[in-house]
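So the chains spell out like this:
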Amino acid sequence: MGSACGAAAGNFDRQLHQAARNDEVNLAKAALAKKRSSLNSKDLAGLHTALHIAAYEGSAGVAQLLLDAKAALGAKDGSRDTPLHLAAYMGQVAHTRIAQLLLTKRAAADEKGADDKTALHLAARRGQLEAVQQLMGQGAQPAAADKEGDLPLHEAARNGHVAVAQELLRARVPVDAASRNGKTALHVACTWGQEAVVEVLLQNAASVNAADICGNSPLHEAARCGRRFLCERLVSCRAPLEARNRDQRTPLHASAATGNYDFAGTLMQYGASSDAPDKDGDTPVHLAAFYGRTGVLDVMMQLRVVTLTLNKEGRSPVHRAVQGGRVAALKLLVGVAGRPTLQTDTPDNQGETPMHLATTLGDGHEVVETLAQNPGTSLEARRGDGLLPLLLAALQGKARTVECLLRAKAQVQAVDSSGNTALHFAAGGGHLSVVHALLTRQASPNVQNQRNETPFQVAGTRGYVEVARAMNPFVSVESTMPSVVTQAGPGAFAQTLPYPTYPAPVTLPGMALAGGTGSFSSDTARARSLPPPRTGKEPLMSLLRRGQAASPAASVTATFRSIEECISAAGKVEEEVDPITRFACSPNFEFFKPLGKPRRGDWLAEKKETGQTYTTYSRRMKPPMTPTKHTDTILLVPIGHSFSEGIAVKFLSYLIDYCTAFFVGMTVDVLDKPLSLAKMRKRMNDFMHEQYLIADLFDALHSETRSHRKAYCRLGITMEDIYPGEEWNYVFGQAKPMERVGVFSFARHSPFFYNGLHASQVKESASHEQQAVWLRACMRTMVHETCHMFGILHCVYFHCVMNGSNGPHDSAGRSSFMCPVCLRKLLLALSYAPAVTGVLPRYQAILQVLERLLADFADPSMEEVMSDISWLQKRISSLPAS
Ligand SMILES: [Zn+2]
Ligand SMILES: [Zn+2]
């Protein structure tokens, strides 16, 4: 393929292509007379012949001339479309003439193009009725199936082209023909809310009982889009109200989950059952509660169908609202707003009441508050293991939840079956703010549990100096600090706790405080097991810190940062003059979650990352290490010939746009000639594909881009698998911040990599969704590597696009966005052009690219892209007005 493209580029005749674009017949004649060999040559990008261009632009004169000169009728463009595809797609008068010319010359009417679509598919998608008639008049198959098994009728249905649908049905296309995923045209029209097409299909006896491969009926699909009219129309045609899909869900489940209350209400008025269980035993009420669909719940309340049904886990709708963290839905259900009350204390199969669940939620204090206000809620209900809500909250260090419970008069001295109070739990986990909350409500640090340990002793045993200090004023005389420290046994307390949810227990002999002798800087293992220091004032704490710094091993806790460290890593945000920047660079836990403790196999569990605060960055990175107006370009360098056609070309336009948006203010340029892989060192990977040595790619990047003076950094992109050295299996990408070069590979992100298909060959088999997910992964890797070239190191503070990642299973590295720490670094680097950079334009530009991605790939199941989009929308609306 590579050589063919080279030949095409060699013959390329700009004049001929320009003539085709503007229908300049004489110019085209002259060009052909001069160089006849250019008749079928493609443009520089290797995409289109002159005939493609004429067909697309409607240049009938030049098209006639080219056809008389016997131009190739079946030439394929970069997406495998023929000139006939393009003419049918455009469908205006001039295009119809050209299509006629092509067909008269016997162009194959059913030739398959991109995604195996025929010209008829494209004409149907665009609603080009004349083109549809013309093609069928020339024998085009009205029932041709594309790669997904869609017929032209599906295309017309999806896009609401009534006249075309009618025309196709007149040609006896089977109205219930199903695509590969089992969807009929009626499914598709319902999904996209195309009411007029639904009407036509029903008039043509389309089946309302058709099930797709997930078992969804047209009514399920309509429930998702939520048009009430569709509901009424389908039901009037006897669409089954209780049709079950693979998950045993009915259309009412679907509309309850998506929150289409009008639709749900209509279904229930027709008699749809609100307590039909799905495969988990969840009824539509459960789902509405879990997803917080208050509109649906409201309708259900009015119809008096909300009951205390339990699912297979024994959970009621109240449980489900708590699980989803849905405060408003909960208020409706438990009747805080003066409505009928639903029982709030029913335990599930594990003995958990909604209140137990609420205390274990991520940020559940509002849920707890709502439940606590309901007189039917008991604060002293014991879970299967004997724990009470207050004990659970204390165990997990949830200070605000603890405060809520205490305000609602939970018993502060209540104990578990081993005699532990909430203060024991808080002390054992080193949760200082919980300890404070409990002490304020008269919790005693002197109560002994069954092992005769007081909370004060527990804190001492585990080395929580601050916590012990907070309790000190309340401690009775006989248990003073030194005696505590020398008496308690190793790790005794750890075994009495039901859950080891706080930092790893002290397992070493002897005491963490070691009687204040300050001798443990040599014992790295011991230092590692201590919690991160909280303040830097006391001499004792500075000892702890020295102990940590001396730890040579890349240990788990060495790269796990405390909340305080995460916050202070963003530096003095007050210094930022612009209020939006100040806001955006302040750590805000609503949008950015601190990294949890790394799991085995995570990057952070295996690699020693020192972390890079904003202050460190700003001291080092000053122009010309950061971009200047003379070096304001990011140069993308395609590597290997895959970039002259196919999926890589499609991806490249997104990469350029995403990069431009992400690094707002920078210019993004693409090196016009891909680097050749011919001389690079390589080996075979596990899938018998060539894998290239990154060092060689870096060398070529340097030597081939030297003349590009405005390039601040150079990023190689390739469809080939890459590796940095013999000891590595592979990497997604690598960057050298000092030299400002980087490389990243599409290969491993491909949906078919692990099936052994080479990235450059994927297009044939990937669905839109798979392509979009792949592309999104590439976009994220690209900006990650590019940020490295801006001197930004791996982020160890928040979930962030700059997290190091050990692959798809890494618990970090899933965010697409920069945390406040990294964002502030990037904004500093881009500040050479303050007029064009800025937080808001940057977010807006990124949002636009993602929205285009969503529209172009038009797949409603692209959850990751959707969630990125909704994050951005939320984030943008949270920014202060400037
Ligand atoms: Zn990295
Ligand atoms: Zn970050």
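Keep in mind the model is a prediction, meaning the values are calculated, not measured. (Residues numbered from 1 in each chain as written. Chains lettered and ligands numbered in written order. Predicted model: local features only at pLDDT ≥ 70, side-chain atom pairs only at ≥ 80, totals over all residues. Heavy atoms only, no water.)

1. Some thoughts on the overall build of the protein chain
Helix and strand content of the protein chain: 43 helices and eight strands. Expressed as a percentage of its 882 residues, the buried residues of the protein chain come to 54%. In the protein chain, the proportion of contacts linking residues at least 24 apart, taken out of those at least 6 apart, comes to 72%. Total accessible area on the protein chain is roughly 37,100 Å²; 52% of this is exposed by carbon and sulfur atoms. (Helix = DSSP H or I, 4+ residues; strand = E, 2+ residues; numbered from the N terminus. Buried < 20%, exposed > 50% of the residue type's maximum accessible area, 1.4 Å probe, protein only. Contact = heavy atoms within 4.5 Å. Areas by Shrake-Rupley, 256 points an atom, 1.4 Å probe, with all protein chains shown as cover.)

2. Overview of a nonpolar patch on the surface
A grouping of I563, I567 and F589 is seen on the molecular surface, where their side chains present a nonpolar patch of about 240 Å² in accessible area. Position of I567 relative to the elements: it lies in helix 34 (residues 563-568). On the accessibility criterion, I567 (40% relative accessible area) is partly exposed. (Patch = residues over 30% accessible without salt bridge, like charges linked within 9 Å, V, L, I, M, F, W, Y side chains within 5 Å. Salt bridge = Lys/Arg side-chain N within 4 Å of Asp/Glu carboxyl O.)

3. Points about the side chain of H365
Its place among the elements puts H365 in helix 23 (residues 365-373). Of the polar contacts made by the side chain of H365, one reaches the side chain of R400; its length is 3.2 Å. In this structure, H365 is in contact with R400, T401 and C404, ignoring residues within four places of it in sequence. (Polar contact = N/O pair within 3.5 Å; in protein donor to acceptor, adjacent residues only side chain to side chain.)

4. Points about the coordination of the zinc ion (ligand 2)
The protein atoms that coordinate the zinc ion (ligand 2) are C795 (SG), C800 (SG), C819 (SG) and C822 (SG), at distances spanning 2.3 to 2.4 Å. Taken together, the four donor atoms coordinating the zinc ion (ligand 2) and their angles of 102 to 115° define a geometry best described as tetrahedral. All donor residues of the zinc ion (ligand 2) come from one chain, and their arrangement in sequence is C-x4-C-x18-C-x2-C. (Donors = N, O, S within 2.8 Å, 3.2 Å for Na, K, Ca; no water. Tetrahedral: all angles 85-135°; square planar, octahedral: opposite > 155°, others 65-115°.)

5. Things to note about helix 6 (residues 83-90)
The element helix 6 is extensively covered by neighbouring structure, given that seven of its eight residues are classed as buried. Along helix 6, the residues that are buried comprise P83, L84, H85, L86, A87, A88 and M90. Elements that come into contact with the buried residues of helix 6 comprise helix 4 (50-57), helix 7 (93-104), helix 8 (119-126) and helix 9 (129-137). Count one or two residues on from helix 6 and you reach G91, which has phi positive near 70°.

6. With respect to unusual backbone geometry
A cis amide bond links P623 with the next residue in sequence, P624, at an omega value of 5°. The topology assignment puts P624 in the loop between helix 37 (614-620) and strand 1 (633-639).

7. Re the coordination of the zinc ion (ligand 1)
Within the protein, the atoms that donate to the zinc ion (ligand 1) are H784 (NE2), H788 (NE2) and H794 (NE2), at distances of 2.0 to 2.1 Å. Considered as a linear motif, the donors of the zinc ion (ligand 1) on their single chain read H-x3-H-x5-H. Of this pair, H784 and H788 both sit in helix 40 (residues 768-789), four residues apart, which is roughly one turn of the helix. H788 gets classed as buried once you look at its relative accessible area, which sits at 10%.

8. Let's talk about helix 41 (residues 820-829)
Among the ten residues in helix 41, nine count as buried, and that is most of the element. Turning to helix 41, its buried residues number three or more, namely P820, V821, C822, L823, R824, K825, L826, L827 and A829. Of the surrounding elements, those touching the buried residues of helix 41 are helix 34, helix 35 (579-584), helix 37, helix 38 (647-662) and helix 42 (839-857).

9. A look at the confidence of the model for the protein chain
The predicted coordinates should not be examined in detail at positions where pLDDT is low. Residue-level pLDDT values for the protein chain average 82, and 86% of them are 70 or greater. Predicted confidence for residues 1-10 stays below pLDDT 50, and this span has seven contacts to residues more than four positions away or in other chains. Low pLDDT, under 50, characterises residues 477-558; the predicted model gives this stretch 122 contacts beyond four residues in sequence or across chains. (pLDDT = per-residue confidence, 0-100.)

10. Thoughts on the environment of F698
For F698, the position within the fold is in helix 39 (residues 694-704). Taking relative accessible area as the criterion, F698 reaches 2% and is therefore assigned buried. Sequence separation between F698 and E739 is 41 residues; the distance between their C-alpha atoms is 9.6 Å. Residues within four places of F698 in sequence aside, it is in contact with Q734, A735, K736, V741, G742 and V743.

11. Focus on the packing of helix 14 (residues 218-225) against helix 16 (residues 251-258)
Remark: helix 14 packs on helix 16, axes separated minimally by 8 Å, with the N-to-C direction vectors making an angle of 15°. Relative to helix 16, helix 14 is oriented roughly parallel. Of the two possible hands of crossing, helix 14 and helix 16 adopt the one that is right-handed. For the pair formed by helix 14 and helix 16, the contact residues are L219, H220, A223 and R224 on the first element and P251, A254, S255 and T258 on the second. Split into classes, the residues belonging to the contact of helix 14 with helix 16 amount to four nonpolar, three polar and one charged. (Axes fitted to C-alpha atoms, helices over the stretch in contact; angles between N-to-C directions. Parallel < 35°, antiparallel > 145°, perpendicular 65-115°, else oblique. Left-handed = near helix turned anticlockwise from the far one by under 90°. Nonpolar A, V, L, I, M, F, W, Y, C, P; charged D, E, K, R; others polar.)

12. Here we look at the packing of helix 15 (residues 228-236) against helix 17 (residues 261-269)
At a minimum axis separation of 8 Å, helix 15 and helix 17 run at an interaxial angle of 25°. The angle between helix 15 and helix 17 falls in the class roughly parallel. Crossing geometry of helix 15 relative to helix 17 is assigned as right-handed. From helix 15, R228, C231 and E232 reach across to helix 17, where they touch D262, F263, T266, L267 and Q269.

13. Topic: the pairing of strand 2 (residues 667-670)
Judged from the four bridges that link them, strand 1 and strand 2 form a sheet pairing that is parallel. Bridge assignment links L636 to a residue of strand 2, and that residue is V670. Crossover handedness for the path strand 1 to helix 38 to strand 2: right-handed. (Pairing = 2+ DSSP bridges. Right-handed = clockwise from strand over helix to strand, strands pointing away.)

14. Observations regarding the pairing of strand 7 (residues 733-736)
Where burial is concerned, the two faces of strand 7 differ: the one with G733 and A735 is buried and the one with Q734 and K736 is not. Where strand 7 and strand 8 (residues 741-745) come together, four bridges link them in antiparallel fashion. Considered in strand 8, the bridge of A735 is made with G742. Once strand 7 ends, the chain turns through four residues before running back antiparallel as strand 8, passing R740 with a positive phi of about 55°.

15. Details of the side chain of S816
Relative to the assigned elements, S816 resides in the loop between helix 40 and helix 41. A distance of 3.2 Å separates a polar atom in the side chain of S816 from a polar atom in the side chain of R776. Not counting residues up to four positions away in its chain, the partners in contact with S816 are Y658, F662, R776, R780, V801 and D868.

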